[in-house]
Amino acid sequence: MKPVDVSEEVWASLLALRDGGAGDFAHADDPAWSIYEPLARRRGGSFVLAQVGQSLDGRVATVDGDAAPISGPDGFAHLHRLRALSDAVLVGAGCVVADDPRLTVREVSGPSPVRVLIDPSARIPADARCLSPETRTILVRADGCGASTSHETIRLPRGDDGRLCTVALLDALGERGLHHILVEGGAATIRHFLEAGVVDRLHVCIAPIIIGSGAPGLALAPISKLSGALRPQTRVFALGSDTLFDCAFDRS
Ligand SMILES: NC(=O)c1ccc[n+]([C@@H]2O[C@H](COP(=O)([O-])OP(=O)(O)OC[C@H]3O[C@@H](n4cnc5c(N)ncnc54)[C@H](OP(=O)(O)O)[C@@H]3O)[C@@H](O)[C@H]2O)c1
């Protein structure tokens, strides 16, 4: 397992890469560079990274919904680095209602991404912290659902399964110049992206606590045979307080 120390020099190079710079190849062997470079480098297409911060037993909250803090300080800083390198951070309505996150960058230097909230039925309360005016926020709603709002809104039709099409959503974000997307949860939202086959990387950040019950970090459709399990190419990094599993999927 590779230990990770994100030096100020490497972080500054990653932020420059995010802003369209060429990138400093002197860092190519640095573990921190290898974790963040795929998200930071703009290659002209979309890039989707899903992240979950969970316990050793794969939970993100207790049965009563207590969800903070699961990640340790290094896992939390990792999440904020992912936000800073993304064009947009995307969450589902369940996450907003449960946790009332701000979705801004506060633990590291760098810009806060555009916030994208999938709220098909308009159940996110108007006083949610992620609707604050400090950062651009886009609501994603189902056609015909919810009163009009002053917030920028993408409207999509529901499919036969009731879902909004993830590929159509990525296209709509791309039309707005948002190509590198951090899918921050929760489990249902990550599931929709994984099932659509549009996830490039999945970061599973594990904190050394055992909850024993409660909401899972990932919840995919049941399979009966292990041959049906996802088997991404995976690297493991010691972040300090947390352990990162960096999983790469082939989107082709
Ligand atoms: N530790 C972590 O990394 C982390 C991060 C985020 C959240 N969480 C935890 O995750 C839990 C919430 O997760 P969750 O799975 O219940 O909810 P969620 O994924 O945050 O939100 C699910 C809801 O978002 C909407 N949605 C998302 N994608 C959609 C699509 N493609 N089409 C239609 N609707 C879509 C639906 O809203 P409607 O129901 O309104 O139709 C859906 O029910 C909380 O316990 C929270 O603490 C943990």
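Here is what the cut-offs are and how they apply
- Residues numbered from 1 in each chain as written.
- Predicted model: local features only at pLDDT ≥ 70, side-chain atom pairs only at ≥ 80, totals over all residues.
- Heavy atoms only, no water.
- Pairing = 2+ DSSP bridges.
- Helix = DSSP H or I, 4+ residues; strand = E, 2+ residues; numbered from the N terminus.
- Core = buried A, V, L, I, M, F, W, Y, C linked by side-chain atoms within 4.5 Å.
- Buried < 20%, exposed > 50% of the residue type's maximum accessible area, 1.4 Å probe, protein only.
- Arc of directions from axis to C-beta.
- Axes fitted to C-alpha atoms, helices over the stretch in contact; angles between N-to-C directions.
- Parallel < 35°, antiparallel > 145°, perpendicular 65-115°, else oblique.
- Left-handed = near helix turned anticlockwise from the far one by under 90°.
- Contact = heavy atoms within 4.5 Å.
- Nonpolar A, V, L, I, M, F, W, Y, C, P; charged D, E, K, R; others polar.
- Right-handed = clockwise from strand over helix to strand, strands pointing away.

Novice: Tell me about the pairing of strand S9 (residues 233-238), and name the residues and values.
Specialist: Note that strand S1 (residues 2-3) and S9 share two bridges and pair parallel. Following the sheet pairing, lysine 2 is matched in S9 by phenylalanine 237.

Novice: Explain the nonpolar core to me, and be specific about the residues and the numbers.
Specialist: With 37 residues, the main nonpolar core has Trp11, Leu14, Ile35, Leu85, Val96, Leu117 and Ile124 as its most contacted residues. At the level of secondary structure, the elements contributing two or more residues to this core comprise helix H1 (8-18), helix H2 (31-40), strand S2 (47-54), helix H3 (73-85), strand S3 (88-92) and helix H4 (93-99). By residue number, the principal contributor to this core is H2, which donates six residues. Counting residues in each nonpolar core, the second largest holds 30 residues, with Leu90, Val116, Ile181 and Ile206 among its members.

Novice: Which residues make up helix H5 (residues 166-175), and what values do they have?
Specialist: Considered for burial, the residues of H5 that qualify are Thr166, Leu169, Leu170, Ala172 and Leu173. The buried residues of H5 occupy an angular sector of 160° when projected down its axis, which confines them to one face. A positive phi of about 80° marks glycine 177, the residue just after H5.

Novice: Any chance you could break down the packing of H1 against H2 for me, citing the residues and the numbers?
Specialist: One can describe the packing of H1 onto H2 by two numbers: an axis separation of 9 Å at closest approach and a directional angle of 15°. With respect to H2, the axis of H1 lies roughly parallel. Two packed elements cross with a definite hand, and for H1 against H2 that hand is right-handed. Across the interface between the two elements, Val10, Ser13, Leu14, Leu17 and Arg18 from H1 touch Ala32, Trp33, Tyr36, Glu37 and Ala40 from H2. Residue composition of the contact of H1 with H2, by class: seven nonpolar, one polar and two charged.

Novice: Lay out the sheet that holds S1 with the relevant residues and their values.
Specialist: Picture the strands of a sheet paired through backbone hydrogen bonds; they go either parallel or antiparallel. The strand order across the open sheet built from ten strands is S1-S9-S10-S8-S2-S7-S3-S4-S5-S6, with neighbouring strands paired in mixed fashion. For this open sheet the edge positions go to S1 and strand S6 (152-156), each flanked by a neighbour on one side alone. By the bridge criterion, six bridges tie S2 to strand S8 (residues 201-206) in an arrangement that is parallel. In the sheet register, glutamine 54 faces S8, and the bridge partner there is isoleucine 206. Strands S2, strand S7 (180-185), S8 and strand S10 (243-248) of the sheet are contacted by H3, whose axis makes an angle of about 145° with S7. Of the strands in this sheet, S2, S3, strand S4 (114-118), strand S5 (137-142), S6 and S7 are in contact with H5, which crosses S6 at around 145°.

Novice: Account for unusual backbone geometry, naming residues and giving values.
Specialist: It is generally the case that most residues other than glycine have a negative phi and that most peptide bonds are trans. Geometrically, the link from alanine 68 to proline 69 is a cis peptide bond, its omega value of -10° lying close to zero. Position of proline 69 among the secondary structure elements: in the loop between S2 and H3. For the bond from glycine 185 to glycine 186, the omega torsion is -5°, close enough to zero to count as cis. Inspection of the secondary structure puts glycine 186 in the loop between S7 and helix H6 (187-195). Even without a glycine there, the phi angle at aspartate 100 is positive, about 50°. Mapped onto the elements of the fold, aspartate 100 is located in the loop between H4 and S4. Exposure remark for aspartate 100: the relative accessible area of 26% places this residue in the partly exposed category. Of note in the backbone geometry, leucine 103 takes a positive phi value of approximately 65° without being a glycine. By secondary structure assignment, the location of leucine 103 is in the loop between H4 and S4.

Novice: Could you give an account of the pairing of S4, naming the residues involved and the relevant values?
Specialist: Of all five residues making up S4, five are buried, and the element is well covered by its neighbours. The two faces of S4 match: Val114, Val116 and Ile118 on one face and Arg115 and Leu117 on the other face are all buried. Crossover handedness for the path S3 to H4 to S4: right-handed. When S4 meets S5, the two strands line up parallel, connected through four bridges. Its bridge partner being in S5, isoleucine 118 is matched across the sheet by valine 140.

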